Amino acid sequence: MVTNGEGSRLVATEGGHRVTPAELFFDLVFVYAITQVTALMAADPSGLRLLGGMVALALLWWCWCCFAWLGNVVRADSGAMFTVLVSVMAVVLIVSLAVPEIYDDAPGGLPAPLVFVLCYGAVRVLHLVTYWLSDPTDQALRRVLRRTALLSVTPPFALLLIGAAFTGTTQILIWLAAVLIDYLGIFLTGKSGWRVASPGHFAERHGLIVIIALGESIVAIGVGVSGFALSTPVLAGAVLGLLVSVGLWRLYFRQLAETVEHRLTTATGDDRTRLARDAYTFLHLPLVAGIVITALGMKKTLTQIADTGHYDLTEPLHGVVAWALPGGVGLFVLASAALLLRTTSHRSPLLLAGGVVCLVAGPAVTFVPSLVALGLLAALVTALVVVQDTTVRPRVTAAD
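Residues numbered from 1 in each chain as written. Predicted model: local features only at pLDDT ≥ 70, side-chain atom pairs only at ≥ 80, totals over all residues. Heavy atoms only, no water.

As recorded by an unreviewed UniProt entry, the chain carries the name Low temperature requirement protein A and is attributed to Streptomyces aquilus.

Below you can see the structure in the form of structure tokens.
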């Protein structure tokens, strides 16, 4: 480790390392960032804006993942590393402030798309440099860092810069290409060099970001009814929305999290690295994306229930919002099925069927009142979780 005095030291973690308060503090800016992504999609709930929101979320997710990996090998509460974290927090805060305007830049002020891209690039550079300094004797790490810079950072960053000069569909498609190249680059750079020193820490970090996303779904309920009179339908809608969030929480933390962490702990060497990459870095993104899309659906649904001046209680949801309400849940459930398959080789027909039903339920939602649609979704999620808990989890536990 680099040691030039207490204030500039990078301290290695140990096998039993757990999440530090510094990392919890670091996550606070991502709470705001996720909220901003939901607001970005809610401002113009169209298919294109939904895609754009997911692109923004994928870029923010990569910023968070970089330091989840780094914090697993270097203590986040050490002098030098904490300074880096605070610097990244400042940059991500700026990114978050720019999010609402990245596809529709307001006149005057700084160009939001360019600010977003430059700050994203700064986070990736800070990550690579800090990793490089974390262990000067680890040649395998240095080789993978060089490959990452050449394949997963430089080409996507160039595309993001090019995309910032455009607007609308062109900008979103160029940025989507950058995201795909970035993720493919990480896959191609290989597994040797990266390592997971503490499986417990790594699993806990990702569990906390899931909690943050679920918190956004609850905040969306409050934001959706903000400024409107409190009524019985509003109270019913809020409780039903909470039940959906509770169901997603239970599916992840009571049926998946422990099993995935156990598999990560028992794996060793490159197998552990590969599992961490696939199960956490890759498959947790659709989990978080599903929650964010669900939050969008719940926010718009609660607004429609509360805004009696513009909507009748018998009016259904329309357009992208009608799909987002069940579709986000469907994405989360299918990602859960994929996570279960990747870590235990166990296929869950129940999760697959439930996820598909939610994904294709959008057209049906347009035929029932919004409150009824929310109630049916809450009932479906509750039933899915209860049945999954009683039929699948015991077999997975027995297999362990």
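**Student:** Sorry, what's going on with the overall build of the chain here?
**Tutor:** Along its length, the chain carries 16 helices and 0 strands. On C-alpha atoms alone, the chain measures out to a radius of gyration of 21 Å, which is about the 21 Å that the 2.2 N^0.38 rule sets for 400 residues. Principal-axis analysis of the C-alpha atoms gives the chain an extent of 65 × 60 × 35 Å. Taken over 400 residues, the chain has a buried fraction of 54%. Contacts spanning at least 24 positions in sequence make up 82% of the contacts within the chain whose residues lie at least 6 apart. Carbon and sulfur atoms make up 69% of the accessible area of the chain, which amounts to about 15900 Å² in all. Once the 24 positive and 24 negative side-chain charges of the chain are each reduced to a mean point, those two points are 9 Å apart. (Helix = DSSP H or I, 4+ residues; strand = E, 2+ residues; numbered from the N terminus. Rg over C-alpha atoms; globule rule 2.2 N^0.38 Å. Buried < 20%, exposed > 50% of the residue type's maximum accessible area, 1.4 Å probe, protein only. Contact = heavy atoms within 4.5 Å. Areas by Shrake-Rupley, 256 points an atom, 1.4 Å probe, with all protein chains shown as cover. Lys, Arg positive; Asp, Glu negative; His and termini not counted. Charge placed at Lys NZ, Arg CZ, Asp CG, Glu CD.)

**Student:** Would you explain the nonpolar core in this entry?
**Tutor:** Across soluble globular proteins, you tend to see nonpolar side chains buried next to one another. Ranked by internal contacts, the top residues of the largest apolar core, which has 130 residues, are Trp61, Phe67, Phe116, Trp175 and Tyr252. With 19 residues, the top contributor of residues to this core is helix α2 (residues 47–73). Mapped onto the domain boundaries, this core takes at least three residues apiece from domain 1 (20–195) and domain 2 (198–391). Ignoring sequence-local partners within four residues, the contact set of Trp61 consists of Tyr183, His206, Ile209, Tyr280, Thr281, His284, Leu285 and Val288. (Core = buried A, V, L, I, M, F, W, Y, C linked by side-chain atoms within 4.5 Å. Domains from an automatic or database assignment.)

**Student:** What am I meant to see in the domain arrangement of the chain here?
**Tutor:** Frequently, the measure chosen for interface size is the accessible area that the parts lose on association. Splitting the chain by domain gives domain 1 (20–195) and domain 2 (198–391). On a C-alpha basis, the centroid separation for the pair domain 1 and domain 2 is 24 Å. Contact with domain 1, which involves 35 residues of that partner, is made by 31 residues of domain 2. Contact between domain 1 and domain 2 buries roughly 3100 Å² in total, counting both sides, with carbon and sulfur atoms accounting for 73%. Our enumeration of links across domain 1 and domain 2 arrives at 2 salt bridges. The shortest N-O distance in the salt bridge between Arg205 and Asp27 comes to 2.7 Å. Taken together, domain 1 and domain 2 are joined by 11 residue pairs in polar contact (both at pLDDT 80 or more). Counting only elements with at least two residues in the side of domain 1 that touches domain 2, the list comes to α1 (21–43), α2 and α6 (168–188). (Buried area = accessible area lost by both parts, 1.4 Å probe. Salt bridge = Lys/Arg side-chain N within 4 Å of Asp/Glu carboxyl O. Polar contact = N/O pair within 3.5 Å; in protein donor to acceptor, adjacent residues only side chain to side chain.)

**Student:** Help me out: how do you make sense of the side chain of His127 in this one?
**Tutor:** Locating His127 in the fold gives a position in helix α4 (residues 112–134). Accessibility expressed as a relative area gives 6% for His127, which makes it buried. Apart from the residues lying within four places of it in its own chain, the contact partners of His127 are Cys66, Phe67, Leu70 and Trp194.

**Student:** What's the story with the pattern of salt bridges in this structure? I'm lost.
**Tutor:** Opposite charge on two side chains lets them pair, provided their charged atoms get close. Following the criterion strictly, the structure yields 10 salt bridges and no others. With a shortest N-O distance of 3.2 Å, Glu204 and Arg18 are connected by a salt bridge. In this pair, Glu204 is assigned in helix α7 (residues 199–225) and Arg18 in the segment before α1, connecting sequence segments 186 residues apart. One salt-bridge network, in which partners are shared between bridges, spans Glu23, Asp27 and Arg205.

**Student:** Is there a simple way to think about the packing of helix α9 (residues 257–266) against helix α12 (residues 319–344) in this case?
**Tutor:** For any two helices packed against each other, the geometry comes down to the angle between their axes and how far apart the axes lie. Two elements in contact, α9 and α12, have axes separated by 10 Å at closest approach and are oriented at 30°. Relative to α12, the element α9 is oriented roughly parallel. In the packing of α9 onto α12, the handedness of the crossing is left-handed. Across from Thr259, Val260 and Arg263 in α9, the residues of α12 making contact are Leu339, Thr343 and Thr344. (Axes fitted to C-alpha atoms, helices over the stretch in contact; angles between N-to-C directions. Parallel < 35°, antiparallel > 145°, perpendicular 65-115°, else oblique. Left-handed = near helix turned anticlockwise from the far one by under 90°.)

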